Amino acid sequence: MQREVIGIDFGTTNSGAAFIEFDEPTIIENSENERVTPSVVYFKDGKDVVVGSAAKRNTIANPDRTVASIKRHMGTDHEVRIGNESYPPEYVAAHIIKKLVSDAEKRIGTPAPDVIITVPAYFMDSQRQAVKDAGEIAGLNVRGILNEPTAAALAFGFQEDDERKILVYDFGGGTFDVSVLTIGGGFFDVDATSGDNHLGGDDIDSRLEEFIVDKIKEKHKIDLTKKKGGNRALLQSLREEAERVKIQLSDKERATIHLPYLSKNGRGTPIAFSYTLTRQEFNELIYDFIERTRKPMQQALDDAALHPDEIDDILLVGGTTYIPAVQEFVRDFFGKEPEHRIDPIEVVSLGAAVATLKDGVKEKERSEGIRRPVEISDVISRSIGVSVADGTVSKIITRNTKIPITQTKPFTNAGDYVDEVIIEVHQGESLYPEEDGYLGEFWIDIEPKPVGESRIDVTFEIGEEFGILHVTAKDHDSGNERTVKMEAVGRLTKGKKNKWMRKMLKTHAIEVIVENIDTRDILNYYLNPSASIGDVRKDLMKKGILSEGMSIFYDDEELDDKTLVRDTGIEDGSALELR
Ligand SMILES: Nc1ncnc2c1ncn2[C@@H]1O[C@H](COP(=O)(O)OP(=O)(O)OP(=O)(O)O)[C@@H](O)[C@H]1O
Ligand SMILES: [Mg+2]
């Protein structure tokens, strides 16, 4: 059976899924018939986990068991505490990705264990690795991690023949990203990227909340941030109200903040709060956030050696670009109208779907011109270098260099007659090693020489795949050479990742006993509901319990390879026979 590859936009506030249907990228609706899924996870008591709108609605009732904006914590040591348990961000994210894919599989009717997931271009390797791990914990085969702005450009320009310079201005829920690309004829070259990892619509909501809290203090002498007990629900509705008003102000000149119940007064009558905010007032309130996007935008243009006039198309991506003041800011900056034919919320998922064409184009389709392969060349988003004697980092490959690349830089000995040097590798823009930028270290033996007389060449090599760096150090005098492969430091060890994967599959998998009738071999086994019987057959063959020519029986009925496990009606604890 043909397996579809799903493109996933894993967002801070909203996530989405898309695939290629009849040669067109198409959004796949979730099981609630929505085109985007809120990135909210509700860990119900017991085993149930709810993701999406239902989880979002639950935030007020169960704030302790509901997790939002997990993307902001990817690649960090942050722990999510739910009851007595503590989850890594990868595990929470895995639930979101899993829901998107299971819903997509139901919708399109085929198993889709292969995915491409998007991340902000500014994500460091450790953050990318964390997202990839999340996909794997969800039991998926992560075929690629793609930058969100590249995805947007793919969706916009995959049928474009002429060469164009594109700037993607992506202002979403949690991050701001800007990228400059050259596209045309199936090629997508990233020229430069920049951004701010901690700037998004969430910040605007918080600013608006503070504003409301202040107004309430002024008017009613009530400090919501200090109020004890039963306060959670109020703060939650404050947050929702802030976002609602913000969104309304994208359409209307004024909007009213309304909180029907703040507290009771002395006579027991409820105190309500109401305030009408104008767009003008709102714009002033948030202007510094918008202004903060200028520097990264200028940086990306500088790195690409382009003047704003040379940009052919400006793509606005992310929900925050619906704000008229944001659009105006971009229009002023370029002195031209941004592109309005794309949907800022859906374009990243659609682009992730287009990226599935990268290696998925069949020879026949190619020769008949049905599908054109897509070629994407990316840049490294952070500089990498080695630390030297004065404690600074000497960069070997600078940010925004196109990959794949090999680069060598000569170094020398910092001490008299030392017989070894340590090569310590760091990622980041600062002159000094950054806390989260350490990639690894190793040493090589060198021939002892007076200070400054050795020559040690350090070579960095980055291939197509993100996060894998080969570092070679070579001492000229002795000829000693050492190459070390450094991988993006994944936060989760293999063992931990397996643990969460097992937990994930158990909450979703069906536990069965498999018995080989000929050999009497018995195996306890977890069935992935989204797998086909064919997938199960392959796996059981790998495990050595099933041999060629045998069939799988449930309730005395032979199961067809094409059927999905979830459609077989197999129940927890039942037995499967191999004969
Ligand atoms: N009409 C609107 N006006 C203003 N803001 C909006 C509008 N619609 C959505 N937003 C805001 O856009 C943000 C969500 O945007 P989006 O879905 O693009 O983000 P995301 O993909 O989840 O985040 P990121 O890409 O940063 O990880 C939220 O802060 C939301 O409040
Ligand atoms: Mg997004």
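These lines cover the structure that appears in this document, whether it is placed above or below. (Residues numbered from 1 in each chain as written. Chains lettered and ligands numbered in written order. Predicted model: local features only at pLDDT ≥ 70, side-chain atom pairs only at ≥ 80, totals over all residues.)

For the rest of this paragraph, the subject is the sheet that holds strand 6 (residues 49–51). With respect to topology, 3 strands assemble into an open sheet ordered 6-5-7, the strand pairing being antiparallel. Both edges of this open sheet fall to strand 6 and strand 7 (66–67), since each of them pairs with a single strand only. Of the strand pairs in this sheet, strand 5 (residues 41–43) and strand 6 are connected by 3 bridges, and their pairing is antiparallel. What sits directly across from Val-41, in strand 6, is Val-51. (Pairing = 2+ DSSP bridges. Helix = DSSP H or I, 4+ residues; strand = E, 2+ residues; numbered from the N terminus.)

The immediate surroundings of ligand 1 are formed by 22 residues, with Gly-11, Gly-172, Gly-173, Gly-201 and Gly-319 found nearest. For the shell around ligand 1, the elements supplying multiple residues, two or more each, are helix 5 (201–220) and helix 6 (232–249). Sorting elements by how many residues they give to the shell around ligand 1 places helix 6 first, with 3 residues. Among the residues forming the shell around ligand 1, the class breakdown is 4 nonpolar, 14 polar and 4 charged. Residue assignment places the shell around ligand 1 across two domains, with domain 1 (5–199 + 292–377) and domain 2 (201–288) each supplying three or more. (Near = placed C-beta within 6 Å. Nonpolar A, V, L, I, M, F, W, Y, C, P; charged D, E, K, R; others polar. Domains from an automatic or database assignment.)

Before going further, it helps to examine helix 6. Between its terminal C-alpha atoms helix 6 stretches 26 Å, which fits the 26 Å expected from 18 residues at 1.5 Å a residue. All of the buried residues in helix 6 are Leu-238, Ala-242, Val-245, Lys-246 and Leu-249. Taken around the axis of helix 6, the buried residues stretch over an arc of 100°, which confines them to a single face. Close packing links the buried residues of helix 6 with helix 5, strand 15 (254–264), strand 16 (270–278) and helix 7 (279–291). (Expected span 1.5 Å × (residues − 1). Buried ≥ 20, exposed ≤ 12 C-beta atoms within 10 Å, placed from the backbone. Arc of directions from axis to C-beta. Contact = placed C-beta atoms within 7 Å.)

In terms of strand pairing, strand 19 (residues 384–387) meets strand 20 (residues 393–397) through 4 bridges, oriented antiparallel. If you follow Gly-385 over to strand 20, its bridge partner there is Lys-395. Connecting strand 19 to the next strand, strand 20, in antiparallel fashion are 5 residues, including Gly-391 with a positive phi near 90°.

The next thing to look at is the packing of helix 2 (residues 89–108) against helix 3 (residues 125–137). Contact pair helix 2 / helix 3: the axes reach a minimum separation of 8 Å and the direction vectors enclose 60°. Classified by the angle between their axes, helix 2 and helix 3 sit oblique to one another. Helix-helix and strand crossings are classified by hand; for helix 2 and helix 3 the assignment is right-handed. Listed contacts from helix 3 to Pro-89, Glu-90, Tyr-91, Ala-93, Ala-94 and Ile-97 of helix 2 are Ala-130, Val-131, Asp-133, Ala-134, Gly-135 and Ile-137. Counted by class, the contact of helix 2 with helix 3 contains 9 nonpolar, 1 polar and 2 charged residues. (Axes fitted to C-alpha atoms, helices over the stretch in contact; angles between N-to-C directions. Parallel < 35°, antiparallel > 145°, perpendicular 65-115°, else oblique. Left-handed = near helix turned anticlockwise from the far one by under 90°.)

With 13 residues, helix 7 should reach 18 Å at 1.5 Å per residue; the first-to-last C-alpha distance of 17 Å fits that figure. Maximal helix bending in helix 7 amounts to about 50°, located at Leu-285. Residues Phe-282, Ile-286, Phe-289 and Ile-290 constitute the buried set of helix 7. Packing partners of the buried residues in helix 7 comprise helix 5, helix 6, strand 16 and helix 9 (324–334). (Bend = angle between axes of the 7 residues up to and from the residue.)

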